[in-house]
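Each chain is listed here by its residues.
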Amino acid sequence: MPTFKDATSLQAFLNSQRTGNNTVGFVPTMGALHKGHLALVTSALSQNEIVVVSIFVNPTQFGNAGDLKNYPRTLSKDETLLKTLHNDIIVFAPNAEDLYNGNITSNSYNFGAIANEMEGKYRQGHFNGVGTVLELLFDIVKPDYAYFGEKDFQQLQIVRKLISLTKQPVTIVGCPIYRENSGLAMSSRNERLSKERREASAFIYKTLQKVKEDFKYKSARQLNEWVKSEFDKQEALELEYFEIANIDTLKTIKRKHKNNKYRAFIAVFVEDVRLIDNVSLNY
Ligand code: AMP
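Residues numbered from 1 in each chain as written. Predicted model: local features only at pLDDT ≥ 70, side-chain atom pairs only at ≥ 80, totals over all residues. Heavy atoms only, no water.

Q: So what exactly am I meant to see when it comes to the pattern of salt bridges here?
A: A side chain of one charge can pair with a side chain of the opposite charge if their charged atoms are brought near each other. The tally for this structure, following the rule as stated, stands at 17 salt bridges. The residue Asp67 makes a salt bridge to Arg192 at a minimum N-O spacing of 3.8 Å. Separated by 125 residues along the polypeptide, Asp67 in helix 3 (residues 65-70) and Arg192 in the loop between strand 6 (171-175) and helix 9 (195-214) bring together distant segments of the chain. Assessed through its relative accessible area of 16%, Asp67 is described here as buried. A salt bridge links Asp272 to Arg192; the shortest N-O distance between them is 2.9 Å. (Salt bridge = Lys/Arg side-chain N within 4 Å of Asp/Glu carboxyl O. Helix = DSSP H or I, 4+ residues; strand = E, 2+ residues; numbered from the N terminus. Buried < 20%, exposed > 50% of the residue type's maximum accessible area, 1.4 Å probe, protein only.)

Q: What's the story with the pairing of strand 3 (residues 50-55) in this structure? I'm lost.
A: Consecutive side chains along a regular strand alternate between the two faces of the sheet. Summarising burial for strand 3: six of the six residues are buried, a large majority. Side-chain alternation along strand 3 places Ile50, Val52 and Ser54 on one buried face and Val51, Val53 and Ile55 on a second face that is also buried. Relative to strand 3, strand 2 (residues 24-29) runs parallel, the two being bridged by six bridges. Across the sheet, Val24 pairs through a bridge with Ile50, a residue of strand 3. A crossover connection joins strand 2 to the parallel strand 3 through helix 2 (residues 35-47); in handedness this β-α-β unit is right-handed. Where strand 3 and strand 4 (residues 90-92) come together, three bridges link them in parallel fashion. By the bridge assignment for strand 4, Val53 is matched with Val91. (Pairing = 2+ DSSP bridges. Right-handed = clockwise from strand over helix to strand, strands pointing away.)

Q: Looking at this structure, I do not really get the nonpolar core. What am I missing?
A: Taken as a class, soluble globular proteins show a tendency for nonpolar side chains to be buried jointly. Ranked by size, the top nonpolar core spans 43 residues in total, and within it Phe138 and Ile172 carry the most contacts. Here this core takes eight residues from helix 7 (residues 126-141), the largest share from any one element. Both of domain 1 (3-175) and domain 2 (188-280) provide at least three residues apiece to this core. Those residues in contact with Ile172 that sit more than four places away from it in its chain are Phe138, Ala146, Phe148, Leu156, Val159, Arg160 and Ile163. Of all hydrophobic cores here, the second largest spans 25 residues; its members include Val227, Tyr262, Val270 and Leu281. (Core = buried A, V, L, I, M, F, W, Y, C linked by side-chain atoms within 4.5 Å. Domains from an automatic or database assignment. Contact = heavy atoms within 4.5 Å.)

Q: Looking at this model, I keep getting lost on the site of the ligand. Mind explaining?
A: Met30, His37, Asp152, Tyr178 and Met186 are the nearest of the 17 residues found near the ligand. Contact distances for the ligand include 2.9 Å between an oxygen atom and a side-chain N or O atom of His37. Between the ligand and the protein, one listed contact pairs a nitrogen atom with a backbone N or O atom of Met186 at 2.8 Å. If the ligand stood free it would expose 480 Å²; the protein chains cover 93% of that surface. Broken down by secondary-structure element, the contributors of at least two residues to the shell around the ligand are strand 2, helix 2 and strand 5 (145-149). Broken down by element, the residue count for the shell around the ligand peaks at three residues, all from helix 2. Tallied by class, residues from the shell around the ligand come to nine nonpolar, six polar and two charged. (Near = heavy atom within 4 Å. Polar contact = N/O pair within 3.5 Å; in protein donor to acceptor, adjacent residues only side chain to side chain. Areas by Shrake-Rupley, 256 points an atom, 1.4 Å probe, with all protein chains shown as cover. Nonpolar A, V, L, I, M, F, W, Y, C, P; charged D, E, K, R; others polar.)

Q: Whenever I open this one, the domain arrangement of the protein chain confuses me. Can you help?
A: For interface size, the figure often reported is the accessible area lost on association. Entries for the protein chain in the domain assignment read domain 1 (3-175) and domain 2 (188-280). Here the C-alpha centroids of domain 1 and domain 2 sit 26 Å apart. Contacts between the two partners involve 23 residues from domain 1 and, on the opposite side, 19 residues from domain 2. Summing both sides of the interface, domain 1 and domain 2 together bury roughly 1,900 Å²; the carbon and sulfur share of this comes to 51%. Interface area lost by domain 1 to domain 2 is led by Met118, Tyr122 and Phe153, which between them contribute 31%. One can count six salt bridges joining domain 1 with domain 2. A salt bridge links Glu150 to Arg263, with the shortest nitrogen-to-oxygen separation between them at 3.6 Å. (Buried area = accessible area lost by both parts, 1.4 Å probe.)

Q: Where do I start with the packing of aromatic side chains in this structure?
A: How two aromatic rings sit relative to each other is set out by the distance from centre to centre and by the angle between their planes. In total, this model carries nine aromatic pairs according to the counting rule given. Here Phe62 and Tyr71 contribute two aromatic rings whose centre-to-centre distance is 5.7 Å and whose plane-to-plane angle is 75°, an arrangement assigned as edge-to-face. Residue classification places Phe62 among the buried residues on the basis of a relative accessible area of 11%. Between the NZ or CZ atom of Arg179 and the centre of the ring of Tyr205, over which it lies, the distance is 3.6 Å. The lysine or arginine in question, Lys256, covers the ring of Phe215, its NZ or CZ lying 4.4 Å from the ring centre. (Phe/Tyr/Trp six-rings, centres within 6.5 Å; stacked < 30°, edge-to-face > 60°. Lys NZ or Arg CZ within 6 Å of the ring centre and 35° of its normal.)

Now the structure itself:
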């Protein structure tokens, strides 16, 4: 399984592979791979002859220096895991100076109103960082398809918007959230939780499931209040936001409208580890 650190040799290799109708599937990640990432790679493998996984902890999408420093980096373990799926997966693991051509800063994109909600509100500059690194990676890999998890649902919508802005010829594929047995959404950050905190974090999805059940007959306001009061009782978990939003505009709803699709979104701190999750509510 080849691993490339620099863009030129990756591109040369990809050009040698891109014959006939071969398509390139691309899974951008920040590494510390888990089964959620592997599910994305499995989808890519089922739909493409060539699969590239990038492993790059992108500095421009972190607002918090501590979070960037503590983000797990486990390249050789990641390579071993990918090998269990397929021997020919191509890994791209550049360093930041090279990828950014010595200028590690974000572009400024006009993603519209969706960028100002939730993650955009609480992580200033985050989506500009995500957009910048993806535009760079898409330019290098030139994938036909790129795979993203619904775990970061807002990011998925931002990536779709990015493609409409940059006109890069790639089709974005959204993949369902992969969960631990407890229901906790898999995340590289889960590795930083103690056993007890990890168990306590299962409460996040349990709450979302109850919200989904009650969404049929309770108002968004009632559900908001209920979620806040439930989290007030949880010592280990600190609620950052809970929002019920329209999946297209990502705007918080005041009232339900027929034919609109809604999801519930949540961000929670477990000590200094920030976890996010979401569920569909009426579709
Ligand atoms: P990350 O390495 O956290 O930047 O994630 C890389 C990709 O994997 C993103 O598209 C994420 O949405 C996706 N991903 C992360 N965790 C999960 C999960 N539990 N289920 C599905 N996709 C995920």
